[in-house]
Amino acid sequence: MSNKKVKIPLDDVDARKFLGVNDNTLRFLKNKTGARVWVEDDNLFAEGSEAQLNLVRELVGVLKNILAKRGYISEDDMRDIPWDEKEVSPDRSFRDIFIDTPRRRIYPRTANQAEYIRAIREHDIVVGIGPAGTGKTYLAVALAIEFLKKGNVEKIILTRPAVEAGESLGFLPGDLEEKINPYLTPLYDALYNMMGYDRVRALVERRILEIAPLAYMRGRTFHDAFVILDEAQNTKAVQMKMFLTRLGVRSKLVLTGDITQIDLPDEGHSGLVEIQKILKGIKGIKFVYFGKEDVIRHRLVKDIVEAYERYQSEKNKKME
């Protein structure tokens with residue numbers, strides 16, 4: 001089948017801003033659609049199959065909307081747009097699954113991510129287990145923001161076990177926030193990405209958004225809250241029980257972790273590993289497992305995950 005050519009006018013936007021630094025947007029369109037893409041005057045041209053050209057048109061439309069709304073197009077914006085092979089067809093399975101945050105609309109990029117989003121919306125407790133870079137925390141934070149925006153919860157609580165500091169944090173310099181910030185930076189990064197610094201700080205000041213180490217959850221009950229326990233593989237069994245039993249009315253708990261990256265002195269005492277057996281089959285609790293096919297960071301991250309899996313498999317065989 002011969003290739004076709006299409007012209008897409010750019011005279012309704014600032015073409016320079018649309019193309020981005022070093023023509024990043026052009027490279028994105030080429031890499032993600034497989035079409036040949038170039039610009040002449042105020043027009044974008046694309047050459048390829050009908051499916052490729054349809055995807056170019058759709059992506060250009062999305063990118064134009066982002067540019068009109070924010071005045072620029074970031075790499076994160078391009079990363080968050082659905083694009084993989086399953087989505088070239090007009091009837092792609094993830095078309096109607098998305099999360100709305102103040103700065104962007106976020107789509108699942110794999111089947112497991114789509115299942116994860118559905119699970120969080122439909123279950124009170126969801127456990128996401130898988131390697132780094134699969135979107136476990138990012139999607140959970142996005143859903144927490146969406147739930148707050150729609151009035152489904154009154155508060156967002158994000159927590160992590162501060163393993164390196166032994167949960168005491170007392171010997172570290174500075175006030176409480178300065179002590180715990182190094183352990184909570186990834187959560188702040190996700191929030192800033194979706195909401196912006198000023199909005200996040202305003203919610204923190206009003207105590208609508210709380211970010212604190214797991215040790216500070218003891219003795220509390222979560223009502224009307226969306227609570228995320230990140231890095232749950234570093235939670236001890238007794239801490240995990242404490243956390244799970246904080247669940248109150250109209251609340252959601254989301255636990256995320258990678259059981260191949262346990263930092264506890266005794267890996268066998270990880271609460272995340274243990275609850276896979278203890279909570280299995282309980283109605284209202286859903287486990288979602290991610291694999292290397294769900295890694296959405298740099299291509300090398302997927303290769304690294306695969307290399308570690310091969311290494312561990314060979315190591316296990318030798319031990320047997």
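First things first, this report covers the structure right here in the doc.

The rules behind each value
Residues numbered from 1 in each chain as written. Predicted model: local features only at pLDDT ≥ 70, side-chain atom pairs only at ≥ 80, totals over all residues. Heavy atoms only, no water. Pairing = 2+ DSSP bridges. Helix = DSSP H or I, 4+ residues; strand = E, 2+ residues; numbered from the N terminus. Axes fitted to C-alpha atoms, helices over the stretch in contact; angles between N-to-C directions. Contact = heavy atoms within 4.5 Å. Buried < 20%, exposed > 50% of the residue type's maximum accessible area, 1.4 Å probe, protein only. Salt bridge = Lys/Arg side-chain N within 4 Å of Asp/Glu carboxyl O.

Re the sheet that holds strand E2 (residues 36–40)
- Strand order in this open sheet of 3 strands is E1-E3-E2, and the pairing throughout is antiparallel. Both outer strands of the open sheet, strand E1 (4–9) and E2, are each paired with one neighbouring strand and no more. Adjacent strand axes in the sheet meet at a mean angle of 20°, parallel and antiparallel pairs treated alike.
- Two elements, E2 and strand E3 (residues 43–48), share 5 bridges in a ladder whose sense is antiparallel. Residue pairing in the sheet places Val39 in a bridge with Leu44 of E3.
- On the sheet, helix H3 (residues 50–70) packs against E1 and E3 and is oriented at approximately 10° with respect to E1.

Some details on unusual backbone geometry
- At Asp23, a position not held by glycine, the phi torsion is positive, near 55°.
- By secondary structure assignment, the location of Asp23 is in the loop between helix H1 (15–19) and helix H2 (24–33).
- Its relative accessible area of 36% is what places Asp23 among the partly exposed residues.
- One non-glycine residue, Arg207, adopts positive backbone phi at about 60°.

Looking at helix H9 (residues 237–244)
- When we look at burial in H9, the residues that qualify are Gln239, Met240, Met242, Phe243 and Leu244.
- Of the surrounding secondary structure, the elements contacted by the buried residues of H9 are strand E6 (125–129), strand E7 (155–160), strand E9 (225–229), strand E10 (252–257) and helix H10 (271–278).

What about the pattern of salt bridges?
- In total, this model carries 10 salt bridges according to the counting rule given.
- Residue Glu115 is joined to Lys286 by a salt bridge in which the shortest nitrogen-to-oxygen separation is 3.5 Å. One end of the pair, Glu115, is in helix H5 (residues 111–122); the other, Lys286, is in strand E11 (residues 285–289), with 171 residues separating them in the sequence.
- With a relative accessible area of 27%, Lys286 lands in the partly exposed category.
- Between Glu231 and Arg160 there is a salt bridge; the shortest N-O distance is 3.4 Å. Of the two residues, Glu231 is situated in the loop between E9 and H9 and Arg160 in strand E7; the sequence distance between them amounts to 71 residues.
- When salt bridges that share partners are traced, they join Lys155, Glu210 and Arg220 into one network.

Some words on the side chain of Asn43
- Examined against the element boundaries, Asn43 turns out to sit in strand E3.
- For Asn43, a relative accessible area of 18% gives the class buried.

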